[in-house]
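Coordinates in review
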Number of protein chains: 2
Amino acid sequence: MTADRATVYDVAARAGVSTATVSFAFRRPEKVRPETRERVLAAAHELAYVPSASARGLAHGRTRALGMLVHGVLLQRPEGVLAAATGTDPILDRARVFPLYVDEVGHGVELCCHRHGYSLLVNGVAAGSSGADAFADLAGRVDALVVFRDTVPRPVLRTMAERMPIVELAAASRDPRLCHVTVDDTGGARAMTEHLLAEHRLRRLEFVGDVAVWDQRRRFAGFAAALRARDLPVPAALSHGGHARHHAARIAENLAQRLAGTRRRAPQGVVCATDEVALALIDALSHLGIDVPGDIAVTGFDGILASRVFRPALTTVRQPMERLGSLAIDLLIERLDHPRLARAAVQLPVTPVIGNSCGC
Amino acid sequence: MTADRATVYDVAARAGVSTATVSFAFRRPEKVRPETRERVLAAAHELAYVPSASARGLAHGRTRALGMLVHGVLLQRPEGVLAAATGTDPILDRARVFPLYVDEVGHGVELCCHRHGYSLLVNGVAAGSSGADAFADLAGRVDALVVFRDTVPRPVLRTMAERMPIVELAAASRDPRLCHVTVDDTGGARAMTEHLLAEHRLRRLEFVGDVAVWDQRRRFAGFAAALRARDLPVPAALSHGGHARHHAARIAENLAQRLAGTRRRAPQGVVCATDEVALALIDALSHLGIDVPGDIAVTGFDGILASRVFRPALTTVRQPMERLGSLAIDLLIERLDHPRLARAAVQLPVTPVIGNSCGC
DNA sequence: CTGAAAGCGCTAACAA
DNA sequence: TTGTTAGCGCTTTCAG
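Residues numbered from 1 in each chain as written. Chains lettered and ligands numbered in written order. Predicted model: local features only at pLDDT ≥ 70, side-chain atom pairs only at ≥ 80, totals over all residues. Heavy atoms only, no water.

- Chain A is annotated in an unreviewed UniProt entry as LacI family DNA-binding transcriptional regulator from Microlunatus ginsengisoli.

1. Thoughts on the protein's contact with DNA strand D
- Close to DNA strand D lie 27 residues, the nearest being V8, S23 and Y49 of chain A together with T21 and T36 of chain B.
- For DNA strand D, the fraction of protein-proximal atoms (within 4 Å) that sit in sugar or phosphate groups is 64%.
- In this structure, a phosphate oxygen belonging to DNA strand D sits 2.7 Å away from a side-chain N or O atom of S23 of chain A.
- A distance of 3.3 Å is found between a phosphate oxygen of DNA strand D and a side-chain nitrogen or oxygen belonging to R56 of chain A.
- Only α1 (8–15), α2 (19–27) and α4 (53–60) of chain A together with α2 (19–27) and α4 (53–60) of chain B provide two or more residues apiece to the surface near DNA strand D.
- Its residues placed into classes, the surface near DNA strand D shows 13 nonpolar, nine polar and five charged. (Near = heavy atom within 4 Å. Polar contact = N/O pair within 3.5 Å; in protein donor to acceptor, adjacent residues only side chain to side chain. Helix = DSSP H or I, 4+ residues; strand = E, 2+ residues; numbered from the N terminus. Nonpolar A, V, L, I, M, F, W, Y, C, P; charged D, E, K, R; others polar.)

2. What to know about the pairing of strand β3 (residues 144–148) of chain A
Residue and element names in this part refer to chain A.
- With respect to burial, β3 is a largely interior element, five of its five residues being buried.
- Where burial is concerned, the two faces of β3 agree: the one with A144, V146 and F148 and the one with L145 and V147 are both buried.
- The pairing of β3 with strand β4 (residues 166–169) spans four bridges and is parallel. Along β4, the bridge assignment pairs L145 with I166.
- Following the chain from β3 across helix α10 (residues 154–161) to the adjacent parallel β4, one finds a crossover that is right-handed. (Buried < 20%, exposed > 50% of the residue type's maximum accessible area, 1.4 Å probe, protein only. Pairing = 2+ DSSP bridges. Right-handed = clockwise from strand over helix to strand, strands pointing away.)

3. A word on the interface of chain B and chain A
- On the chain A side, the residues contacting the 70 residues of chain B number 71 residues.
- At the boundary of chain B with chain A, total buried surface from both sides reaches about 5,800 Å², with 61% on carbon and sulfur atoms.
- Between the two partners, chain B and chain A, sit six salt bridges.
- There are 18 residue pairs in polar contact (both at pLDDT 80 or more) connecting chain B and chain A.
- Per-class residue counts for the side of chain B that touches chain A are 35 nonpolar, 17 polar and 18 charged.
- Here strand β2 (residues 119–125) of chain A runs beside strand β2 (residues 119–125) of chain B; their pairing, made up of three bridges, is antiparallel. Pairing of L121 of chain A across the sheet is with L121 of chain B, part of β2 of chain B. (Contact = heavy atoms within 4.5 Å. Buried area = accessible area lost by both parts, 1.4 Å probe. Salt bridge = Lys/Arg side-chain N within 4 Å of Asp/Glu carboxyl O.)

4. Examining the pattern of salt bridges
- For the structure shown, the criterion picks out 38 salt bridges over all chains.
- For the salt bridge of E194 of chain A with R230 of chain A, the shortest nitrogen-to-oxygen distance reads 2.7 Å. Remark: R230 of chain A occurs in the loop between α12 (214–228) and α13 (244–260) and E194 of chain A occurs in helix α11 (residues 185–198); sequence separation between them is 36 residues.
- Since its relative accessible area comes to 34%, R230 of chain A is described here as partly exposed.
- For R33 of chain B, the salt bridge is made with E35 of chain B, and the minimal N-O distance between the two is 3.2 Å. In this pair, the class of R33 of chain B matches that of E35 of chain B, namely exposed.

5. Some details on the state of the cysteines
Residues and elements named next belong to chain B.
- Within the structure shown, the criterion is met by zero disulfides over all chains.
- With no disulfide of its own, C112 has C113 as its nearest cysteine by sulfur position, at a separation of 6.6 Å.
- With relative accessibility at 0%, the residue C112 sits in the buried group.
- Judged by its relative accessible area of 1%, C113 falls in the buried class. (Disulfide = S-S within 2.5 Å.)

6. So, the packing of helix α8 (residues 101–115) of chain A against helix α16 (residues 321–337) of chain A
All names here are of chain A.
- Interhelical geometry of α8 versus α16 gives an angle of 40° and a closest axis separation of 7 Å. Here α8 is positioned oblique relative to α16, judged by the angle of their axes. Considering only the axes of α8 and α16, their crossing is right-handed. Residue-level contacts link Y101, E104, V105, H107, G108, V109, L111, C112, C113 and R115 of α8 to M321, E322, L324, G325, S326, I329 and D330 of α16.
- Of the residues assigned to the contact of α8 with α16, the class counts are nine nonpolar, four polar and four charged. (Axes fitted to C-alpha atoms, helices over the stretch in contact; angles between N-to-C directions. Parallel < 35°, antiparallel > 145°, perpendicular 65-115°, else oblique. Left-handed = near helix turned anticlockwise from the far one by under 90°.)

7. Topic: the sheet that holds β2 of chain A
- If you walk across this open sheet you meet the 12 strands as β10(A)-β5(A)-β4(A)-β3(A)-β1(A)-β2(A)-β2(B)-β1(B)-β3(B)-β4(B)-β5(B)-β10(B), and the pairing is mixed. With one partner strand each, in any of the chains shown, β10 (345–348) of chain A together with β10 (345–348) of chain B form the two edges of the open sheet. Taking each pair of neighbouring strands and ignoring which way they run, the sheet shows an average axis angle of 20°.

8. Regarding the packing of helix α9 (residues 132–139) of chain B against helix α10 (residues 154–161) of chain B
Residues and elements named next belong to chain B.
- With their axes 10 Å apart at the nearest point, α9 and α10 run at an angle of 15° to one another. In this view, α9 runs roughly parallel relative to α10, as classed from their interaxial angle. In this structure, the crossing between α9 and α10 has a hand that is right-handed. Taken together, the residues of α10 that come into contact with α9 (itself represented by A132, F135 and A139) are V156, L157 and M160.

9. What to know about the UniProt feature "domain: HTH lacI-type" (unreviewed entry) in chain A
- When the UniProt feature table is mapped to this numbering, "domain: HTH lacI-type" (unreviewed entry) covers residues 6–60 of chain A.
- Spanning residues 6–60 of chain A, this segment combines 69% helix with 0% strand, and its end C-alpha atoms are found 20 Å apart. (UniProt positions renumbered as here; feature names shortened; annotations may be inferred.)

10. A look at the domain arrangement of chain A
- Along its sequence, chain A is carved into domain 1 (8–51), domain 2 (65–184 + 320–350) and domain 3 (185–318).
- Computed from C-alpha atoms alone, the centre-to-centre distance between domain 1 of chain A and domain 2 of chain A is 39 Å. (Domains from an automatic or database assignment.)

11. Regarding the packing of aromatic side chains
- Enumeration according to the criterion identifies 10 aromatic pairs over all chains in this entry.
- Pairing Y101 of chain B with F148 of chain B gives two aromatic rings, centres 6.1 Å apart and planes at 80°, and the pair type is edge-to-face. One end of the pair, Y101 of chain B, is in helix α8 (residues 101–115); the other, F148 of chain B, is in strand β3 (residues 144–148), with 47 residues separating them in the sequence.
- Summarising the aromatic geometry, the rings of F207 of chain B and F223 of chain B are spaced 5.4 Å apart at their centres and angled 45° between planes, so their arrangement reads as tilted. Placement of F207 of chain B in strand β6 (residues 205–208) and of F223 of chain B in helix α12 (residues 214–228) is noted, with a sequence separation of 16 residues between them. Each member of the pair F207 of chain B and F223 of chain B is classed as buried.
- In this structure an aromatic cluster arises from ring pairing among F207, F220 and F223 of chain A.
- In this structure, K31 of chain A is placed above the aromatic ring of F24 of chain A, and the distance from its NZ or CZ to the ring centre is 5.3 Å.
- Lying over the aromatic face of F301 of chain A, R219 of chain A brings its terminal NZ or CZ to 3.9 Å of the ring centre. (Phe/Tyr/Trp six-rings, centres within 6.5 Å; stacked < 30°, edge-to-face > 60°. Lys NZ or Arg CZ within 6 Å of the ring centre and 35° of its normal.)

Right under this line is the structure:
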């Protein structure tokens, strides 16, 4: 099996023309006499000729494919998450792990590639790897690519950005070539915090998130700004080191202890850096007998579908995820078409979405 | 910009070795003395060398990429669908169009490619095109591919299947090379129909679906079998020609008229071939003042997330969509590793999911 | 309008 | 262990 594929040579021989004519018949129809073209196309069809993209890419210097690099761990969702699911409804169980942020952004990327007639290559960074290898592999295959933040060491990205258009999502740099697409993390988190302060008259708020991560750090900044604007003290972020769900239990215990202690010092609300950690936290709190929003308010960030599917509906900040992805591709294609275009750094607005987890 | 990428020649020159040694240093480390290898790697790093996948693919004859071909119309969801959304909650509105069947299957495909260390190429068939071009383009880029049913004319698929492993999803053929992954459409639809007949004691049921489509035809067969088993007459399928939502309104009117007519002949339940059309039908009925399940029962098929997100929760049959995708990739990789392996045709089981739309 | 031929960058015999 | 070299299949000048 896997019979040899027909090549231009085969087609040329069969049609009684040269390989150049075969190539032109496909790519530059106007440069070939109609009857010759017919003959070539017929021969190609009879031989089931399929041009090799490798050969074409090599000769032409472009692949007409774009790449997307994602975290492997996000691809293969940790089993712990599913294990934590209620287990009664297979469809809802699945909603916990799909679609997440990366999936929705990916959908926008796919859509936009299709619209522009580009193929899309998707690669995942293996858990525990630096990402440099997966990145190089992908970069060798495409004309331009979009990477999720923290999949690839910045220096590697920077170097590559001199050779091809690259968009890094949800991150920023002063690199003269790297493009970025972000959302208004700070404004969104500030508005959310302000909602808890103004509408719900809460005063003792906590922030849960990993401030080592660029966008989560920005969200913390928004949280802090809202508190400072009211002369309230800003607590340190409660960090969930690795995977959200894993550490949510620990944070829930911390909160539970303080909730059980002096009334006056007990936290009244938690602003979470992501929906994932917010949902995990609500679960963990509920396991400890603490009700949200009854005993404490919780808010999220991202606006993933799961935030609407589980109860209480999460009060959160929605990112225009699909738009993020399609915008990234637009930037890449612009730069492919106009190589001298300057780098771009676009920030998209976010939308607060009020649910019940804040007490509304 | 887009400075020229470094090549093996550059690296070889810099490291003072031949290009063969550079190649070996990367692909066959054991065939190169460690210190030579070090030197090559260092040179490669200094030059930011990234191997060209095109050149490699051409020379080696494999790309280490797999392809997935989807319907373009499924990628760029028709706007009509979003227009029909309630418009109050941006997150829920989106749940109407994402994730659908294709997205969940695609997730399984992605996951499995990543697990096996393959890149994934995604292409969409432009609306109105035969798919043959998009298929050829994709086939020229990958080692093997999975296509959704009806994206590509069967003869084209058949011819290509002689050259490379191909899985066609949700379809069947007697082709000696083409692989297929399907689900138990007939059994699932039969069980669903039986549920309406036995639990709800309904007798006058309708089927809505496009029997021109392979899997929907099978579902109709299951519906018919359940009715026949009870000596009930089998009505013709109410077909929604093109896009589900577009025609749901027409079908809803048909049902409404009959519901308004003689009690004894009015339909009591509708078994839909897909969740999409079921949800659209419920919407359309509701616009006409008909309540589901109060006035009439409606069931779906697929188990997309939207079936759980909207009210009434749809009684439906869930396909193991992610598994479908990953199984397809497993079959491809098996056949890439063992070219003489026979074609495979695997049918996966389905799970009834009881919601409220049937009256439960 | 068509043909000849020189690469594109890498791999893998085969030689050394 | 390393170097030489002949392709892989296509595009694209340059001649005719």
